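A look at the structure
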Amino acid sequence: MNNVSSEKKSLIINALSLVLLFVYITFVALDIVAYVHGGVSGATFYLKLFASFLCTAVAWAGFSAEKEKHGGLLRAIAFTLTFLGDTAVLLNTYKIMSDPFVFKIGGYLFVPALLLISIRSAKGFGFFFEGGRFQWKKLIFPLCFYIPFAVLLVSVGAGLAKVGLLGLGIVYGTCLTTVLWTGWESLHSGLFPHKSAVLIAAGSTLVFVMELIGLVYNLHVPVYSDIAFFATWILYTPGMLLIARS
């Protein structure tokens, strides 16, 4: 009976993923056409919002099918917050609600979402206390992520300050770097079955690279800013789906 139930849940997750794939291909195609013609497709606002909703649905479906309910619940709650954050950011970037505060609301919602994803990916960071003692040598791996982030922050800090995003950028960037580190830590330390760890690491990487591209948009870099507007969701959606399916 449990096997039948598990198979049904897997079918639901796969069905949601296939619908998401169709939505993804559609909004990417519309974005490309809009970019070539120097405009923005209003339909992609709804398609991207629907894509975010589908990722959240996959996360909740995964929670119901997952044996480790605690981790699955953290991921599902994180994706719910992400959906709300995506709504705020899309409303702002598509000029439906162009107040900068709306964009910041999205950022504030993403912070706890990223932290929850990190806690889940790191299995509560228990690997730091193997053998009942704090394993200082395990700090070496995360430093490989935080040191480059610190260098990047120093280089773009002035630009973020000009657009009023320095404080949010520091907090959000730190959380995002934590997602990248814990995503790869799950693979590095074998915290999950190999397939799941690969999905987490790959998804975390896509989301991190997407945010680097998003930084180009937020800093209003000439020429590249328009490209960044369309490129972010090309990476973001598959990245989130991989994490949701992990």
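These numbers come from a predicted model, not from an experiment. (Residues numbered from 1 in each chain as written. Predicted model: local features only at pLDDT ≥ 70, side-chain atom pairs only at ≥ 80, totals over all residues. Heavy atoms only, no water.)

**Let's talk about the packing of aromatic side chains**
For clarity, the threshold we go by: Stacked, edge-to-face and tilted are the three classes for Phe, Tyr and Trp ring pairs, Trp counted by its six-membered ring, which pair at centre distances within 6.5 Å; planes under 30 degrees apart are stacked, over 60 edge-to-face, the rest tilted. Per the convention used, a helix needs a DSSP run of H or I reaching at least four residues, while a strand needs a run of E reaching at least two, with both numbered from the N terminus. Burial classes follow relative accessibility: with a 1.4 Å probe on protein chains only, a residue under 20% of its type's maximum area counts as buried, one over 50% as exposed, and anything between as partly exposed. Two conditions define a charge sitting above a ring: the NZ of Lys or the CZ of Arg must be within 6 Å of the ring centre, and it must be within 35 degrees of the ring normal.
Following the criterion strictly, the structure yields 20 aromatic pairs and no others. Measuring from ring centre to ring centre gives 5.7 Å for Phe 45 and Tyr 94, while their planes differ by 65°; the resulting arrangement is edge-to-face. Highlighted residues: Phe 45 in helix H2 (residues 43-65) and Tyr 94 in the loop between helix H3 (69-93) and helix H4 (100-121), separated in sequence by 49 residues. Overall, the relative accessible area of 7% leaves Phe 45 in the buried class. Tyr 94 sits in the buried class, given a relative accessible area of 13%. With a centroid separation of 5.4 Å and an interplanar angle of 70°, the aromatic rings of Phe 129 and Phe 134 are classed as edge-to-face. Members of the aromatic cluster, each reached through a chain of ring pairs, are Phe 125, Phe 127, Phe 128, Phe 129, Phe 134, Trp 136, Tyr 146 and Trp 181. Positioned above the aromatic ring of Phe 192 is the side chain of Lys 123, whose terminal nitrogen or guanidinium carbon lies 4.5 Å from the ring centre.

**Concerning unusual backbone geometry**
Non-glycine residue Lys 123 carries a positive phi angle of around 55°. If you trace the backbone, Lys 123 turns up in the loop between H4 and helix H5 (140-162). Lys 123 sits in the partly exposed class, given a relative accessible area of 34%. Phi at Phe 125 takes a positive value of approximately 65°, unusual for a residue other than glycine.

**Some thoughts on the pattern of salt bridges**
The line we're drawing: Salt bridges are defined by distance alone: a side-chain nitrogen of Lys or Arg within 4 Å of a carboxyl oxygen of Asp or Glu.
Tallied over the full model, the rule gives one salt bridge. Put simply, Lys 48 and Asp 31 hold a salt bridge, and the shortest N to O gap is 2.9 Å. Of this pair, Lys 48 sits in helix H2 while Asp 31 sits in helix H1 (residues 2-36); the two residues are 17 residues apart in sequence, bridging distant segments of the chain. Under the relative-accessibility criterion, Asp 31 is labelled buried at 3%.

**A look at a nonpolar patch on the surface**
Here is the rule we go by: The residues that make up patches have over 30% relative accessible area and no salt bridge, and they are joined within 9 Å when like-charged or within 5 Å when they are Val, Leu, Ile, Met, Phe, Trp or Tyr. Every accessible area reported is derived by Shrake-Rupley at a probe size of 1.4 Å, with residue values counting cover from the shown protein chains alone.
Taken together, the side chains of Ile 32, Tyr 35, Val 36, Tyr 224 and Ile 227 present a nonpolar region at the surface, about 520 Å² in accessible area. When contributions to the nonpolar patch are tallied by element, the ones reaching two or more residues are H1 and helix H8 (224-245). Mapping Tyr 35 onto the fold places it in helix H1.

**Some points on the nonpolar core**
Most often, soluble globular proteins have nonpolar side chains that are buried together. For the record, the criterion: Residues belong to one nonpolar core when they are buried, are Ala, Val, Leu, Ile, Met, Phe, Trp, Tyr or Cys, and are joined through side-chain atoms within 4.5 Å. Here, two residues are considered to be in contact whenever any of their heavy atoms come within 4.5 Å of each other.
Judged by nonpolar contacts, the single largest core of 67 residues is most densely connected at Phe 27 and Phe 79. Going through the elements one at a time, H1, H2, H3, H4, H5, helix H6 (166-188), helix H7 (194-218) and H8 are the ones with two or more residues in this core. Other than its neighbours up to four places away in sequence, Phe 27 contacts Thr 44, Leu 47, Lys 48, Ala 51, Trp 233 and Thr 237.

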